[in-house]
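Listed below, chain by chain, are the residues.
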Number of protein chains: 2
Amino acid sequence: MEAQVAMFQLHPRLQADTLEIGRLTLCELRLMNDSRFPWIILVPMREAVTELHQLSVGEQQLLLAESSSVANCLAEMETVEKINVAALGNLVAQFHWHLVGRSRTDPCWPGPVWGCGEAQPYTGEQAEGLILSIRRFLDL
Amino acid sequence: MEAQVAMFQLHPRLQADTLEIGRLTLCELRLMNDSRFPWIILVPMREAVTELHQLSVGEQQLLLAESSSVANCLAEMETVEKINVAALGNLVAQFHWHLVGRSRTDPCWPGPVWGCGEAQPYTGEQAEGLILSIRRFLDL
């Protein structure tokens with residue numbers, strides 16, 4: 001597993017659009033730099049995976065376990081009424097798993113967030129506070 | 001488990017938008033009645049589940065196993081270059097899992113299919129042929 005992680009490189013587009021949160025066993029966690037929604041991306045640290053069903057059964061189970069932890073973290077947030085889960089990858093082929101905390105008052109509700117308006121980046125202070133609280137919840 | 005299945009009722013909106021394929025152990029499978037994409041919906045036969053992380057660990061694993069089988073079926077189709085996976089539920093709260101076979105030439109590419117244009121229902125013959133081939137692939 002260590003050799004695989006060593007080979008892992010985050011796609012430059014994901015790198016540019018997101019902020020680092022930390023690493024769980026399988027996934028690197030990133031915060032989408034869009035203050036309109038709490039939106040976390042899980043990227044399994046595996047080379048050349050583009051589809052969910054390409055992960056081994058064990059990796060899929062680990063992904064879901066890590067996804068559940070992160071979903072529980074999002075569900076604790078005051079504004080979150082619903083969690084959208086998705087792996088799309090039409091633009092960035094590297095497999096990545098979206099968890100988006102949604103609210104009936106968010107600007108894209110009830111539509112999907114992908115392709116909806118423009119991202120509104122966090123201020124440095126906002127991002128720092130949010131990332132810190134996510135790390136605390138997940139014990140990172 | 002049998003009692004739970006007996007209590008299960010498909011949401012009327014899902015019922016209206018989709019065609020019956022069959023049942024796996026956990027999920028009822030439905031074909032979205034939209035000939036623009038091969039689009040299958042898995043609905044775990046459980047009452048009052050609205051979020052992925054509300055399913056038990058065992059149920060989540062079963063969902064992923066069933067999802068992988070259906071994804072393999074979609075991946076076999078000539079037009080499918082990418083599979084989008086999602087649980088949104090902003091409009092229909094009943095938990096349901098989308099698997100959508102995408103192609104670079106489909107009318108919504110590279111955007112998401114949700115909220116994109118109007119569904120184009122299958123003819124009876126098209127739907128019958130497609131459902132039959134899915135059932136054969138999945139041994140239903």
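Cut-off values and rules
- Residues numbered from 1 in each chain as written.
- Chains lettered and ligands numbered in written order.
- Predicted model: local features only at pLDDT ≥ 70, side-chain atom pairs only at ≥ 80, totals over all residues.
- Heavy atoms only, no water.
- Contact = heavy atoms within 4.5 Å.
- Buried area = accessible area lost by both parts, 1.4 Å probe.
- Salt bridge = Lys/Arg side-chain N within 4 Å of Asp/Glu carboxyl O.
- Helix = DSSP H or I, 4+ residues; strand = E, 2+ residues; numbered from the N terminus.
- Nonpolar A, V, L, I, M, F, W, Y, C, P; charged D, E, K, R; others polar.
- Pairing = 2+ DSSP bridges.
- Phe/Tyr/Trp six-rings, centres within 6.5 Å; stacked < 30°, edge-to-face > 60°.
- Buried < 20%, exposed > 50% of the residue type's maximum accessible area, 1.4 Å probe, protein only.

Caption draft 1: Summary view of the interface of chain A and chain B. Counting residues at the interface gives 29 residues for chain A and 29 residues for chain B. Between chain A and chain B, a total of about 2500 Å² is buried, with carbon and sulfur atoms accounting for 56% of that surface. Contact with chain B buries surface across chain A, with A:H53, A:L64 and A:N90 losing the most and accounting together for 24% of the total. Counting the contacts that link chain A with chain B gives 2 salt bridges. Here A:K82 ties to B:E51 by a salt bridge, and the two come within 3.0 Å at their closest N and O atoms. At the level of elements, α3 (57-75), β4 (82-87) and β5 (97-102) of chain A are the ones that each hand at least two residues to the side of chain A that touches chain B. Here the element with the most residues in the side of chain A that touches chain B is α3(A); it accounts for 7 residues. Classifying every residue of the side of chain A that touches chain B by side-chain character gives 15 nonpolar, 10 polar and 4 charged. Relative to strand β4 (residues 82-87) of chain B, β4(A) runs antiparallel, the two sharing 3 bridges. Residue pairing across strands places A:A86 opposite B:A86, the latter belonging to β4(B).

Caption draft 2: Up close: the packing of aromatic side chains. Residue and element names in this part refer to chain A. Tallied over the entire structure, the rule returns 7 aromatic pairs over all chains. With 6.0 Å between their ring centres and 70° between their planes, F37 and W39 make a pair best called edge-to-face. By the burial criterion, F37 is buried, and W39 matches it. Ring centres 6.3 Å apart and planes at 85° place the aromatic pair W39 and W114 in the edge-to-face group.

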